[in-house]
Amino acid sequence: MQGNIVLIGFMGTGKSTIGRELSKMLSYPLIDTDHAIAKKAGKSIPKIFAEDGEEAFRKMETDLLEELLEKEGNIIATGGGIVGSERNRNILRRLGYVVWLAASPEEILDRTSRNNNRPLLNNEDPSGTILRLLAERSPLYSEASHLNIETDQLCFDEICNGIIESARYHYGTK
Ligand code: S3P
């Protein structure tokens, strides 16, 4: 496959987990933008938000996406807010086949409440925040993606096989 497979979607929709599975199944390296940013910055995402602010984090995301334009044949799992800027949405499409993993607000709340490493949800009303951000971002995920998968009723295998099949079709290798 020339190009990459890029996973976008809200926090807690399984981008990192599905990314790891796809990486194993296809033997493609996995690039997780949150991990790459934390590694470069030498600190965790919550620490970047606390010490440098969200704007600085968003700039790191854009810089990283631009660097990735030189790469092919990777699985790229992204942070949930990466679709916020038009520039990022354009880069995402240029990076390859973009898959939007979606889940219901209930499922997202359940999955994200298992730890507190998401600064945007560390507040009094994570449920309200999820609903607000979902409403804001869903049109952006839709605009940036080639494929949308509603993950609530699917197992990992079904999601991964669906993505691989569709990506092969997209790249004309099937
Ligand atoms: C964010 C999602 C997080 C991480 C940061 C901001 C967001 O990634 O990039 O906390 O704005 O939705 P995950 O989607 O992997 O949780």
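Going by the structure above, here's the rest.
Residues numbered from 1 in each chain as written. Predicted model: local features only at pLDDT ≥ 70, side-chain atom pairs only at ≥ 80, totals over all residues. Heavy atoms only, no water.

Peer 1: Sorry, what's going on with the overall build of the protein chain here?
Peer 2: Scanning the protein chain from N- to C-terminus turns up 8 helices and 5 strands. Counting from the amino terminus, helix and strand elements in the protein chain follow one another as β-α-β-α-α-α-β-α-β-α-α-β-α. With the C-alpha coordinates aligned to their principal axes, the bounding extent of the protein chain is approximately 50 × 35 × 25 Å. Put simply, the protein chain has 174 residues, and 46% of those count as buried. Within the protein chain, counting contacts between residues at least 6 apart in sequence, those at least 24 apart form 75% of the total. (Helix = DSSP H or I, 4+ residues; strand = E, 2+ residues; numbered from the N terminus. Buried < 20%, exposed > 50% of the residue type's maximum accessible area, 1.4 Å probe, protein only. Contact = heavy atoms within 4.5 Å.)

Peer 1: Explain the pattern of salt bridges here, please?
Peer 2: Side chains bearing opposite charge may pair, as long as their charged atoms lie close to each other. Inspection of every chain in the model, using the stated rule, returns 13 salt bridges. Ionic pairing is found between Glu-107 and Arg-111, a salt bridge with its closest N-O pair at 3.2 Å. You can see Glu-107 and its partner Arg-111 sitting in helix H6 (residues 105-112), 4 residues apart, about one turn around the helix. (Salt bridge = Lys/Arg side-chain N within 4 Å of Asp/Glu carboxyl O.)

Peer 1: Looking at this model, I keep getting lost on the side chain of Arg-137. Mind explaining?
Peer 2: Positionally, Arg-137 belongs in helix H7 (residues 126-144). Put simply, Arg-137 is tucked away with no salt bridge, and the nearest opposite charge, on Glu-54, sits 5.3 Å away. Within polar-contact distance, the side chain of Arg-137 engages the backbone oxygen of Gly-80 at 3.3 Å. Apart from residues no more than four positions distant in its own chain, Arg-137 is found in contact with Phe-10, Met-11, Arg-58, Gly-80, Gly-81 and Leu-120. (Lys, Arg positive; Asp, Glu negative; His and termini not counted. Polar contact = N/O pair within 3.5 Å; in protein donor to acceptor, adjacent residues only side chain to side chain.)

Peer 1: What should I look at first to understand H7 in this one?
Peer 2: Since the α-helix turns once every 3.6 residues, residues separated by three or four places project in the same direction. When the terminal C-alpha atoms of H7 are compared, their 25 Å separation across 19 residues agrees well with the 27 Å that a helix rising 1.5 Å per residue should span. The set of residues buried in H7 consists of Thr-129, Ile-130, Leu-133, Leu-134, Arg-137, Leu-140, Tyr-141 and Ala-144. Buried positions along H7 lie against strand S1 (4-9), helix H4 (54-68), helix H5 (86-95), strand S4 (96-102) and H6. (Expected span 1.5 Å × (residues − 1).)

Everything listed here is a matter of coordinates, which is why it stays silent on function.
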